[in-house]
Amino acid sequence: MNYQKLDAALATALNDVQNLEEPSLAVFIHTESVLDSAATAVLESFGVSGVSSGKDIFTATLSPNAISQLSEEPWVKYLKRSQQLGLVNKRINTPKLGV
């Protein structure tokens, strides 16, 4: 595994995963902007959808083993963990204060 291509959140999350084969980590894959057919095939083999020429950022849910393999590819710049987003204007049920 090339840890220099992983952000801190992803490297930390990898330590907490029990099953190395189960796709359980949502990641952003930053690549070179021009991918050859071999690189495209590798991404598609890991279930990355929407792989097309001209794109250089992809999202996928990957296993630790897949992350390790991608980190070793020369055309992968870096891998970043994706966080679950929440609604910004979600109402919070708090009791009203009386004056």
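Above this text is the structure in question.
Residues numbered from 1 in each chain as written. Predicted model: local features only at pLDDT ≥ 70, side-chain atom pairs only at ≥ 80, totals over all residues. Heavy atoms only, no water.

Peer 1: Kindly report on the pairing of strand β2 (residues 57-62), identifying the contributing residues and their values.
Peer 2: What you see with β2 is a clean split: Phe 58, Ala 60 and Leu 62 sit on the buried side and Ile 57, Thr 59 and Thr 61 on the side with no burial. As judged from the six bridges shared by strand β1 (residues 25-31) and β2, these two strands associate in the antiparallel manner. Counterpart to Phe 28 in the pairing with β2 is Thr 59. (Buried < 20%, exposed > 50% of the residue type's maximum accessible area, 1.4 Å probe, protein only. Helix = DSSP H or I, 4+ residues; strand = E, 2+ residues; numbered from the N terminus. Pairing = 2+ DSSP bridges.)

Peer 1: Got a sec to walk through the side chain of His 30? Specific residues and values, please.
Peer 2: Mapped onto the fold, His 30 is located in strand β1. Residue classification places His 30 among the buried residues on the basis of a relative accessible area of 12%. Setting aside its immediate chain neighbours within four residues, His 30 contacts Asp 56, Ile 57, Val 76, Lys 77 and Tyr 78. (Contact = heavy atoms within 4.5 Å.)

Peer 1: Before we move on, could you go through the sheet that holds β1 and cite the residues and values that matter?
Peer 2: Pairing in this open sheet of three strands is antiparallel, and the strands run β2-β1-β3 from one edge to the other. At either end of the open sheet lies a strand with only one pairing partner, and these are β2 and β3 (76-81). Neighbouring strand axes in the sheet, compared pairwise and without regard to direction, differ in orientation by 30 degrees on average. Pairing of β1 with β3 involves five bridges; the strand directions are antiparallel. (Axes fitted to C-alpha atoms, helices over the stretch in contact; angles between N-to-C directions.)

Peer 1: Describe the environment of Gly 54, with residues and values.
Peer 2: Tracing the backbone through its elements, the reader meets Gly 54 in the loop between α2 (37-45) and β2. A C-alpha to C-alpha distance of 9.1 Å links Gly 54 and Glu 32, two positions 22 residues apart in sequence.

Fair warning: the whole summary comes from geometry, so function is off the table for now.
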